[in-house]
Amino acid sequence: MEQLSFASESLSETEAFLSDAYTPMQIGGRPERTGTRVERRTAGGLIVDELAFDYTMSYDAGCLERICLLTMHQGTVADTTGGKEEIHGPGETFLIAQPDRPYTGEVRGAAYTITMFDPGLLTAVAGGPDGGPVRLTGQRALDAAGNRILERTVAYLRDDVMAGPAADQPLVVAGAVRLLASAALSAFPHTDLVTTPARIDRGDATSDTLRRAMDFIEANADRDIGLAEIAASIPLTPRAVQYAFRRHAGTTPLAHLRRVRLARAHDELKTADPSTSSVIAIAAKWGFGNPGRFAVEHRAAYGVSPATLLRARR
């Protein structure tokens, strides 16, 4: 994980920093105070920033080329792109702009969290039919429930994943950014609106598809893989692989991947030296960033806590 801190009361310094960190932009305003603070943490394609401005700052910015979500804590942000004015306040998580479009607005004495990731991950996570990339089509969540999911997901990434040693574990970060992409797809309107399964996908959802997908997962559980990589290994559409798991195993590809990684962690706990290994480190190595949740899953699967299993090696 890489960390970066910025603090300044100079508008020119702030403009230069924001242009370098996000996209070329011009900022303006005649504030009495000009305090800006930014804390950035970056790992595995995920960027989590905490920003605070104690003044009103206007901005005219270029294309971000990334999905950029703002989670508001205090103050407001006014989006004025295209001549409209959309106000976003505390408790809301929203898409600041389409990745390939410039945007304008004002930050009005605001504090917020920014989370950013590659737009291509939406397509990989959606697992929809082959018909072009999946795009978000709205900037606000469809409902309050979707907004709450986004807020909780951002808090988990900011406070649990990126704030501790788990941020140095590739599988933990990879799982976290996929979780954020999934939360965005569940909350925002998007282009993957097909609800009727393609007949060819149903026909490809065979037991042989399931076997080949499971073999790939077993051989690559230590890598950053998701539905797109599993499907490409066969190769079939992601939706066909999803149908195969649902029809023949009563589960999903990613749930099976999680079970395989849980089994690998279990095996490592049985053989690890407790004087040099820890439950937290082993769990994080296999993609489990929350030790408490890992302990619950491990006990449910194996009838013993991971700590007890590791201590048994003494």
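The following paragraphs examine the structure supplied in this document. Quick caveat, the model's predicted, so the values are computed rather than measured.

## A few points about the environment of L254
- Within the secondary structure layout, L254 lies in helix α9 (residues 253-271).
- Each C-alpha atom of the pair L254 and V134 lies 19 Å from the other, and the pair is 120 residues apart in sequence.
- When residues no more than four places from it in sequence are discounted, the contact partners of L254 are G226 and L227.

## Quick look at the packing of α9 against helix α11 (residues 291-302)
- Look at α9 against α11: their axes get within 11 Å of each other, and the N-to-C directions meet at 85°. Relative to α11, α9 is oriented roughly perpendicular. Residues R258, L262, A263, A265, H266 and L269 of α9 lie in contact with α11, whose contacting residues are R293, F294, E297, H298, A301 and Y302.
- Partitioned by chemical class, the residues of the contact of α9 with α11 number seven nonpolar, two polar and three charged.

## A short note on the side chain of N220
- With respect to the secondary-structure elements, N220 resides in helix α6 (residues 207-220).
- At a separation of 2.8 Å, a polar atom in the side chain of N220 contacts the side chain of R223.

## Some details on helix α3 (residues 144-161)
- Under the 1.5 Å per step criterion, the end-to-end length of α3 is 24 Å for 18 residues, consistent within 8% with the ideal 26 Å.
- Every buried residue of α3 is accounted for by G146, N147, L150, T153, V154, Y156, L157, R158 and V161.
- The distance from a side-chain oxygen at the start of α3 to the backbone nitrogen of A145 is 3.3 Å, and the residue carrying that oxygen is D143.

## Examining the nonpolar core
- Counting residues in hydrophobic clusters, the biggest one holds 35 residues, and the most contacted among them are L46, F117 and L122.
- Broken down by secondary-structure element, the contributors of at least two residues to this core are β4 (46-53), β6 (67-79), α2 (120-126), α3 and α4 (170-187).
- In this structure, L18, M25, M57 and A61 belong to the second largest nonpolar core, which totals 29 residues.

Cut-offs used in this document
- Residues numbered from 1 in each chain as written.
- Predicted model: local features only at pLDDT ≥ 70, side-chain atom pairs only at ≥ 80, totals over all residues.
- Heavy atoms only, no water.
- Helix = DSSP H or I, 4+ residues; strand = E, 2+ residues; numbered from the N terminus.
- Contact = heavy atoms within 4.5 Å.
- Axes fitted to C-alpha atoms, helices over the stretch in contact; angles between N-to-C directions.
- Parallel < 35°, antiparallel > 145°, perpendicular 65-115°, else oblique.
- Nonpolar A, V, L, I, M, F, W, Y, C, P; charged D, E, K, R; others polar.
- Polar contact = N/O pair within 3.5 Å; in protein donor to acceptor, adjacent residues only side chain to side chain.
- Expected span 1.5 Å × (residues − 1).
- Buried < 20%, exposed > 50% of the residue type's maximum accessible area, 1.4 Å probe, protein only.
- Core = buried A, V, L, I, M, F, W, Y, C linked by side-chain atoms within 4.5 Å.

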